[in-house]
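What follows is each chain in one-letter form.
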Amino acid sequence: MKIKEKMEVFRKFAIEVASGESEASLREFQSACDRKLEAFRKNRQIEMEHKFQAEEAKIRRQANHEISKEVLAQKRMVDSCKREWKERLMGRVRELLAEYQKTEAYQHYLAAKIRMAKEVAGEEEAIFYIDPSDEGRKAGLEAETGVPLVVSAVDFGGGIRAVIRARNILVDESFATKLEQEEMGL
């Protein structure tokens with residue numbers, strides 16, 4: 001073999017070896033790049049998921065805040081309506097009560113309440129109070145019930161009150177107390 005031929009064989013061999021090594025290096029480099037790309041994609045995916053979750057949580061907080069504000073505004077409106085309704089209702093009840101206090105049935109009601117308080121007192125000494133607005137009914141009630149009555153210095157809206165000091169009992173059948181109890185229940 002001549003030198004040229006030997007050189008040609010050597011050159012082909014060197015090119016094949018270099019090509020093989022180059023292809024192996026290229027495959028290794030491609031594999032490394034693919035791994036880095038996959039890792040980058042995973043990191044970006046995780047990052048995006050975290051951002052998405054954070055944004056979703058932020059939007060939920062804002063929505064919850066808005067909902068809370070709206071619920072609070074609605075509660076205030078309902079409370080305002082309830083107060084207005086309650087005031088109207090109690091105003092109407094007071095009007096009807098004032099009309100009732102002008103009737104004969106009210107006189108009978110007072111007598112019945114005085115008798116009931118007298119039964120509670122039994123043999124104990126008791127003081128029976130009527131409202132200052134009922135002062136004109138005092139004589140008739142005393143005659144009907146046989147109980148001495150005292151006109152109260154405090155206006156309690158009608159009805160009666162009785163104090164049984166021996167047993168430390170207050171029998172409160174006043175309209176002011178009953179109205180207050182009803183208002184608390186509304």
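Structure: see above.
Scope of this entry: the structure provided in the associated data block. (Residues numbered from 1 in each chain as written. Predicted model: local features only at pLDDT ≥ 70, side-chain atom pairs only at ≥ 80, totals over all residues. Heavy atoms only, no water.)

**Things to note about the pairing of strand E4 (residues 169-174)**
Working step 1: Sheet topology places strand E3 (residues 159-164) next to E4; six bridges connect them, and they run antiparallel. Residue pairing for E4: Gly-159 is matched across the bridge by Ser-174.
Working step 2: Hairpin connection, E3 to E4: the antiparallel pair is bridged by four residues, and Asn-168 has positive phi, about 55 degrees. (Pairing = 2+ DSSP bridges. Helix = DSSP H or I, 4+ residues; strand = E, 2+ residues; numbered from the N terminus.)

**Observations regarding unusual backbone geometry**
Among all residues except glycine, the phi angle is most often negative; among peptide bonds, the trans geometry is most common.
Working step 1: Positive phi is not limited to glycine here, since Asn-168 has a value of about 55 degrees.
Working step 2: Considering the arrangement of structural elements, one finds Asn-168 in the loop between E3 and E4.

**Some thoughts on the pattern of salt bridges**
Working step 1: Scanning the entire structure with this criterion turns up 14 salt bridges.
Working step 2: The partner of Arg-11 in a salt bridge is Glu-8, with the nearest N and O atoms 2.7 Å apart. Of this pair, Arg-11 and Glu-8 both sit in helix H1 (residues 3-100), three residues apart, which is roughly one turn of that helix.
Working step 3: When its relative accessible area of 42% is taken as the criterion, Arg-11 is described as partly exposed.
Working step 4: The shortest N-O distance in the salt bridge between Asp-134 and Arg-137 comes to 3.8 Å. Residue Asp-134 shares its accessibility class with Arg-137, and that shared class is buried.
Working step 5: Through salt bridges with shared partners, a single network forms among Lys-113, Glu-173 and Lys-178. (Salt bridge = Lys/Arg side-chain N within 4 Å of Asp/Glu carboxyl O. Buried < 20%, exposed > 50% of the residue type's maximum accessible area, 1.4 Å probe, protein only.)

**Some remarks on the packing of aromatic side chains**
Working step 1: Under the defined criterion, the tally for this structure stands at five aromatic pairs.
Working step 2: Look at Tyr-100 and Tyr-109: their rings are 6.3 Å apart centre to centre, the planes differ by 75 degrees, and that puts the pair in the edge-to-face class.
Working step 3: For Tyr-100, a relative accessible area of 28% translates into the label partly exposed.
Working step 4: By way of ring pairs, the aromatic residues Tyr-100, Tyr-106, Tyr-109 and Phe-175 are connected into one cluster. (Phe/Tyr/Trp six-rings, centres within 6.5 Å; stacked < 30°, edge-to-face > 60°.)

**Quick look at the side chain of Thr-177**
Working step 1: Structurally, Thr-177 is set in helix H4 (residues 175-185).
Working step 2: Looking at Thr-177, its side chain comes within polar contact range of the side chain of Asp-172, at 2.6 Å.
Working step 3: Look past the residues within four positions of Thr-177 in its chain and what remains in contact with it is Arg-161 and Asp-172. (Polar contact = N/O pair within 3.5 Å; in protein donor to acceptor, adjacent residues only side chain to side chain. Contact = heavy atoms within 4.5 Å.)

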